[in-house]
Amino acid sequence: MLVRRFLFSPVFAMKTAPVASDHHSQSLLAQSLLSRLLIYLLIVSSAALLTLFDTSPKLILDDSASVWTSSLLRWDVFHFAHIAREGLVYEHEWAFFPGIALVMRWSGSVLSLLGLSPPGWPALLIGGAIVAALLDSTRVLYQLSLYHLRSSSAAFLATVLSFFSTSPSALRFAPYSEPFFTYFSYRGMLACVRSQWLFASLYFAIAGVFRSNAVLLCGFIMWNMLVAPLLSGRKDLLSLNTTLRCVAYVIVSLSPFIHHNYRAYLLFCSSTRVHDRSQWCERGMLPSIYTHVQREYWNVGFLRYWTISNIPNFLISLPVLLNVWIFCIFYLSHLPRILRDGFARQGSKSGAHLPPGDSLFLDPSILPHVLHGISLTLILTFNAHVQIALRVLPSLPMTYWAAARLLIEQPRWGKAWVAWSVVWCGLSCVLWAVFLPPA
């Protein structure tokens, strides 16, 4: 107990430079590979031994496909692979951004040319899964946690907790958008704290090629370039040139979302004959096919998912939502002191990152992550299919910082979180294998 308190105390964080430990890096790499292997074994063995609830994969793949290949084809992968093969054929497919389909198409072509996989669906599935596995975000999460928590031990703990994901199938097994989005969003966040604004905007833009919620990531650029200097009293860093550069970087990060909707507008709304134009073309000053498709085909909208039949989806999503909400409430409860003391220290040359309280998790640099987490959880809770929180919230580094805080400061609740994470991680792998919800 005394060792743990010493390792995770602010004093320890203050006296040690935030330098990545080689031992931690090697250990995290080994644990990441081991966790991925266990997930593979659990899903493939479950798919081989248990009966499929939905036999749709058997309609697409012939009997020559391996169990591994077949187990990759679940839920949104059907849409991704179809778009990779045929392009955006149906209107509802515009709900999916093109990143993962492009990866599957290109990697599948390479595998087919090399003779490593038969062409068609198998090549797309295997190629996408291989590339997704190569973009492991473990090291980036550790570096990002190291900067914000100022303790190599706390950063290591938070990163280890990421191996017990609430959606291991999507994040560490299948050709899904999530591993790509997570990797590039982490890269962009890390570039922001290093003041590498161009790289940050490019990383966020790449993340935006995979998921629509990347539009929220531009807030990190605005925060670090404009808001943080203002709060820390460094008004000398603010100028017209800085503001214009910030606007340019934000536009870069938003460009995939803008391009996706503009491309659809040209396709569906450019006709001069009104009866040939889609209905969504006339909605609002900035009509969006993404908003239209989500509303019409997935019934997405404010409180639309709040029905009795969806109570199970709220229940299974509740732990991960509560984890983020509790951390945000904890942080905001100390906000007056953070604004008064924390940003004052940031404005000075010494103690730039010292937490203003007794917790490692009150660093002023964490505030934009808290605001980002609040925005995303509000959308997921009130304006989306709530169960996708299981896939989306693991892309927040704050999810793992929140879990690490529980283990360090409230061990009883921390152990409960770890127990639930391990159980749900294994159960969700089996559910994926037999093609049962949640998606």
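Scroll up for the structure.
In this text, all values refer to a predicted model and were calculated from it rather than measured experimentally.

Draft legend 1. Spatial organisation of the overall build of the protein chain. Broken down by element type, the protein chain carries 22 helices and 0 strands. In terms of C-alpha radius of gyration, the protein chain reaches 23 Å, essentially the compact-globule figure of 22 Å for 439 residues. Along the first, second and third principal axes, the C-alpha atoms of the protein chain reach 60 × 55 × 50 Å. The buried share among the 439 residues of the protein chain stands at 52%. Working note: accessible area of the protein chain is about 20,300 Å², and carbon and sulfur atoms make up 66% of it.

Draft legend 2. Representation of the nonpolar core in the model. One finds Met104, Phe361 and Leu393 to be the most contacted residues of the largest nonpolar core, which totals 111 residues. Considering every element that reaches this core, the biggest residue donor is helix H12 (residues 177-193), with 10 residues. Setting aside residues no more than four positions away along its own chain, Phe361 makes contact with Leu149, Phe327, Phe330, Tyr331, Ile366, Trp401, Ala404, Arg405, Ile408 and Glu409. Grouped together as the second largest cluster of nonpolar side chains are 7 residues, Tyr142, Ala155, Val160 and Phe163 included.

Draft legend 3. Layout of unusual backbone geometry. Following Pro437, the chain continues to Pro438 via a peptide bond in cis, the omega torsion being 5°. Although it is not a glycine, Trp75 sits at a positive phi angle of roughly 45°. Structurally, the position occupied by Trp75 is in the loop between helix H5 (67-72) and helix H6 (77-86). Trp75 sits in the partly exposed class, given a relative accessible area of 25%. Although it is not a glycine, Ser195 adopts a positive phi angle of roughly 60°. Relative to the helices and strands, Ser195 is located in the loop between H12 and helix H13 (197-208).

Calculation criteria
- Residues numbered from 1 in each chain as written.
- Predicted model: local features only at pLDDT ≥ 70, side-chain atom pairs only at ≥ 80, totals over all residues.
- Heavy atoms only, no water.
- Helix = DSSP H or I, 4+ residues; strand = E, 2+ residues; numbered from the N terminus.
- Rg over C-alpha atoms; globule rule 2.2 N^0.38 Å.
- Buried < 20%, exposed > 50% of the residue type's maximum accessible area, 1.4 Å probe, protein only.
- Areas by Shrake-Rupley, 256 points an atom, 1.4 Å probe, with all protein chains shown as cover.
- Core = buried A, V, L, I, M, F, W, Y, C linked by side-chain atoms within 4.5 Å.
- Contact = heavy atoms within 4.5 Å.

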